[in-house]
Amino acid sequence: MPATDAVTAARPIVVETRHIVTQLGKQTIHQGVSLSVRQGEIAALIGGSGTGKSVLLKVLCGLLRPADGSARLFDTDIWVTDNETRQMVRQRFGMLFQDGALFSSLTVEQNVAAPLREHTRLPTAACLRLARLKLSMVGLEAAAARKMPDELSGGMRKRAALARALALDPELLFLDEPTSGLDPVSARSFDQLLRTLRDNLGLTVLLITHDLDSLLALADQVIVLAQGKVLGSGTLSDIQQLQDPWLKAYFSSHPANHTLPTSTREDTHGQ
Amino acid sequence: MTPAQLHLDLDNKLATASGSWRLIQLDKIETAAPNATEANLSSPVVLDGGQIDNLDPSGAYCLISRLTAQGIAPEAVQTTGFSSQHQAIFDLVREHYAASLRQNETSLWQRGRVLLRRLQRVERFMLESVRLIGVLGTETAQLLRHPGRFRYREFTNQIEAVFVSAIPLIALMMFLLGIVFAYLLGHQAMQYGANIFVVDGTTLAVCRELSPVLVAILVAGRSGSAITAQIGTMKFDEELDALRVMGLSPYQVLIIPRILALVCTLPLLVFVGDVTGILGSMLVASRQLGIQPAEFITRMMSELDLPTVIIGLSKAPIFALFIGLIASEGGLHVEHSARSIGASTTVTVVRSIVAVIGINALIAITLVRLDI
């Protein structure tokens, strides 16, 4: 369950962007995007296709330099600071790419152990043990750890990629469409997993999703991107009040839109 | 940050953890097997976590493995004093601790598996090649009965890709090779005053061996890999299945035109190679050895007989057939990952080059035995 507003407000802000402007070639993607995510929150970024959700995530995880504005993670502007500090910040967040982006030449457990081998002083055997711990935490059985990524099903690949994102025990997770391409059952159990991990590990999560079900099940804060700007952010019911044709169409696409979001949330939770 | 510390008081069954247990501070994880003689193996031990400053999952893992090394089973730990967040992390890690301990397979077994997989791959390649030849046979027979189904468009496109656009490259390569070969040969021949024999040597070598083999190798690298990559990408994107669902045969639509284009055009490319190779040696002959082009051609006419040229040219379709078969087989067996397209392409080039050289050796020996 989401923390009460009073508690949430007291928590530090982990992700904050101010007036982000990004350009890809001549095309302006963002025209001043400002948002903030507090510690322990699950924030969902929604918006029609082409509104720059993935691009924003790239800016936040240090892959794409914005033309203007600031992107702060853990109170550090990652595009202003020196390389060393940026590297330190990088180790404090994990990123789950849309198709997993597992290294295809390594086994699943080697994939998860890879960041540990690069960034810690632990011997290989210990890295592999920690990797298997993470794989077990995301619900992959032991037999899967030894397989190659292309031998796994879509849902298992996402879980393996999540384990890799969690390898360095990050405080912050970026997820790019975690449930896309999964069947509804796998998608709901992935939501459940994210929620459990958030509750147990105190993670902050910023995710992009098109999946209304995971939005209902997970999001404490919903951020809507449209026309290069944040159309609105807040709880799900705040967002549903907004008068926007795309949002109206989005929410009416779901059969549960007539029931109250809270009851839907409990339904999903009970599964 | 205070270092991670674990204080054990086994007499009172009390353990106290303090400090910061975080991944970045870890440099080892206890892997020692628990001492089985310790009596306290299963009796509960109270773990006080009240003085822990920081705890992340890897830190909790390290803590549990330190306790395990002292003979305290994770289940036998009773926690007290943990903050609620630390308690949640500790419980989650404890729940999954056992899953991390699975022993690594012995390296011998692993190596055996790798070897086995290689053998299986060879076996599959052989079986699939036989199957492909069979399928192509029946599909070609069908095409012969219904010639209207032949894809002329695809065929001519492939001729352009395999032949027309390769001409400059082949011409340049064989021209340079003719120069080098004639130069080195001439360098030796001059010492014996046997300048004129350079003409015999270069024309024979270029027409019979050098041009067919080198052009085939170049085409294997250039067009064989392209065929594998094209068909492999189509297989990966399920285009081949889409064709089948439409009632079209991917063999007739894609593979037969490609193989046929290779078989038809490789002799032509070899001929281009023959001509440019001889031109290259002619250039060296006139500059280095004082053999004028007219003299060169007269000598060549008397020494280079037609069978030699025909042998060289007729090796080309055989090479082309093998390159085409190997490349198509590689493309058809791309698995469901982008990586396997790259791997298949490499394998195709290696296999076709080996095949070209092997077949060439076989033909050479056969012809010598037959006195041709």
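Residues numbered from 1 in each chain as written. Chains lettered and ligands numbered in written order. Predicted model: local features only at pLDDT ≥ 70, side-chain atom pairs only at ≥ 80, totals over all residues. Heavy atoms only, no water.

## Let's talk about the overall build of chain A
Per the secondary structure count, chain A includes 12 helices and 10 strands. Burial status across chain A gives 56% buried among its 271 residues. Summed over all atoms, the accessible surface of chain A reaches about 11,700 Å², with 51% contributed by carbon and sulfur. (Helix = DSSP H or I, 4+ residues; strand = E, 2+ residues; numbered from the N terminus. Buried < 20%, exposed > 50% of the residue type's maximum accessible area, 1.4 Å probe, protein only. Areas by Shrake-Rupley, 256 points an atom, 1.4 Å probe, with all protein chains shown as cover.)

## A word on the environment of Gln-85 of chain B
One can find Gln-85 of chain B in helix 2 (residues 84–96). Take Gln-85 of chain B: its relative accessible area is 31%, and that puts it in the partly exposed class. The sequence separation of Gln-85 of chain B and Asn-54 of chain B amounts to 31 residues, and the corresponding C-alpha distance is 10.0 Å. When residues no more than four places from it in sequence are discounted, the contact partners of Gln-85 of chain B are Asp-199, Asn-200, Leu-201 and Gly-202 of chain A. (Contact = heavy atoms within 4.5 Å.)

## What to know about the environment of Ser-18 of chain B
All names here are of chain B. Here Ser-18 shows up in strand 2 (residues 14–21). Residue classification places Ser-18 among the buried positions, given a relative accessible area of 15%. Through-space distance from the C-alpha of Ser-18 to that of Gly-49 is 6.6 Å; in sequence the pair is 31 residues apart. Sequence-distant contacts of Ser-18, that is, excluding residues within four places in its chain, are made with Pro-3, Ala-4, Gln-5, Gln-51 and Ile-52.

## Looking at the interface of chain B and chain A
Facing 33 residues of chain B, the contacting portion of chain A comprises 29 residues. With both chains or domains summed, chain B and chain A bury close to 2,700 Å², and 54% of this area falls on carbon and sulfur atoms. The tally of links between chain B and chain A comes to 0 salt bridges. Summed over the shared surface of chain B and chain A, the number is 5 residue pairs in polar contact (both at pLDDT 80 or more). Take the side of chain B that touches chain A: its biggest share by element is 6 residues, from helix 2 of chain B. Considering only residue class, the side of chain B that touches chain A consists of 13 nonpolar, 12 polar and 8 charged. (Buried area = accessible area lost by both parts, 1.4 Å probe. Salt bridge = Lys/Arg side-chain N within 4 Å of Asp/Glu carboxyl O. Polar contact = N/O pair within 3.5 Å; in protein donor to acceptor, adjacent residues only side chain to side chain. Nonpolar A, V, L, I, M, F, W, Y, C, P; charged D, E, K, R; others polar.)

## Quick look at the confidence of the model for chain B
Considering every residue of chain B, the mean pLDDT works out to 87; 94% of them sit at 70 or more. Per the prediction output, this complex has pTM 0.69; the corresponding ipTM is 0.77. (pLDDT = per-residue confidence, 0-100.)

## Re the packing of helix 6 (residues 197–236) of chain B against helix 9 (residues 293–303) of chain B
Angle between the axes and distance between the axes are the two parameters that describe a pair of packed helices. All names here are of chain B. As a packed pair, helix 6 and helix 9 sit with axes 9 Å apart at the nearest point and diverge in direction by 60°. With respect to helix 9, the axis of helix 6 lies oblique. At the point where helix 6 passes helix 9, the crossing takes the right-handed sense. Here Phe-197, Val-199, Asp-200, Thr-202 and Thr-203 of helix 6 come into contact with helix 9, specifically with Phe-296, Arg-299, Met-300 and Glu-303. In terms of residue class, the contact of helix 6 with helix 9 is built from 4 nonpolar, 2 polar and 3 charged. (Axes fitted to C-alpha atoms, helices over the stretch in contact; angles between N-to-C directions. Parallel < 35°, antiparallel > 145°, perpendicular 65-115°, else oblique. Left-handed = near helix turned anticlockwise from the far one by under 90°.)

## Considering the sheet that holds strand 2 of chain B
All names here are of chain B. On the basis of which strands lie adjacent, the open sheet formed by 4 strands has the order 1-2-3-4 and mixed pairing. The open sheet is flanked by strand 1 (5–9) and strand 4 (77–80), the only strands paired with a single partner. Looking at each pair of strands side by side, their axes are set apart by 20° on average, direction ignored. Sheet analysis places strand 2 next to strand 3 (residues 45–55), joined by 7 bridges and oriented parallel. When the bridges of strand 3 are listed, Leu-14 appears paired with Val-46. Those strands touched by helix 2 are strand 3 and strand 4, and its axis lies near 120° from that of strand 3. (Pairing = 2+ DSSP bridges.)

## Quick look at the sheet that holds strand 2 (residues 27–38) of chain A
All names here are of chain A. Judged by pairing direction, the sheet is antiparallel, and its 4 strands sit side by side in the order 2-1-4-5 without closing on themselves. Where the open sheet ends on each side, the last strands, each with one partner, are strand 2 and strand 5 (76–77). Bridge count between strand 1 (residues 13–24) and strand 2: 9 bridges; the pairing is antiparallel. Along strand 2, the bridge assignment pairs Ile-13 with Arg-38. Running over the sheet, helix 2 (residues 53–60) touches strand 1, strand 2 and strand 4 (68–73) and is turned about 115° from strand 1.

## Concerning helix 8 (residues 250–289) of chain B
Each α-helix turn comprises 3.6 residues. Residues three or four places apart therefore point the same way. All names here are of chain B. Here helix 8 spans 55 Å end to end across 40 residues, near enough to the 58 Å set by a 1.5 Å rise per residue. Maximal helix bending in helix 8 amounts to about 30°, located at Thr-265; proline Pro-267 follows within four positions. Within helix 8, 29 of the 40 residues are buried, which leaves the element mostly enclosed by the surrounding structure. Looking at the residues trailing helix 8, positive phi occurs at Gly-290, about 70°. (Expected span 1.5 Å × (residues − 1). Bend = angle between axes of the 7 residues up to and from the residue.)

## A word on the packing of helix 4 (residues 152–162) of chain B against helix 8 of chain B
All names here are of chain B. Orientation of helix 4 relative to helix 8, taken along the N-to-C sense of each, is 45°, at an axis distance of 8 Å. With respect to their mutual orientation, helix 4 and helix 8 come out oblique. Crossing geometry of helix 4 relative to helix 8 is assigned as right-handed. Here helix 4 contributes Glu-154, Phe-155, Gln-158, Ile-159 and Val-162 to the contact with helix 8, which in turn contributes Val-253, Leu-254, Pro-257, Arg-258, Leu-260, Ala-261, Leu-262, Cys-264, Thr-265 and Leu-269.

## A closer look at the pairing of strand 7 (residues 172–176) of chain A
All names here are of chain A. A large share of strand 7 lies buried, amounting to 5 of its 5 residues. Of the two faces of strand 7, the one lined by Leu-172, Phe-174 and Asp-176 and the one lined by Leu-173 and Leu-175 are each fully buried. As defined by bridge partners, strand 6 (residues 93–96) adjoins strand 7 across 4 bridges and the pair is classed as parallel. Opposite Met-95, over in strand 7, you have Phe-174 as the bridge partner. Where strand 7 and strand 8 (residues 204–208) come together, 5 bridges link them in parallel fashion. Bridging from a neighbouring strand, Phe-174 pairs with Leu-206 of strand 8. Each parallel crossover has a hand, and the one from strand 7 via helix 8 (residues 184–201) to strand 8 is right-handed. (Right-handed = clockwise from strand over helix to strand, strands pointing away.)

## Digging into the nonpolar core
Formed by 80 residues in total, the largest nonpolar core has its most connected members in Leu-162, Leu-197 and Leu-215 of chain A together with Leu-47 and Phe-90 of chain B. Here this core gets 8 residues from one element, more than from any other, and that element is helix 5 (residues 124–137) of chain A. For Leu-215 of chain A, the residues in contact, after removing those within four places along its chain, are Ala-44, Ile-46, Thr-209, Val-222, Leu-236, Tyr-250 and Phe-251 of chain A. The next biggest cluster of nonpolar side chains, apart from the first, holds 49 residues, and it includes Ala-171, Ala-220, Ile-259 and Ala-355 of chain B. (Core = buried A, V, L, I, M, F, W, Y, C linked by side-chain atoms within 4.5 Å.)

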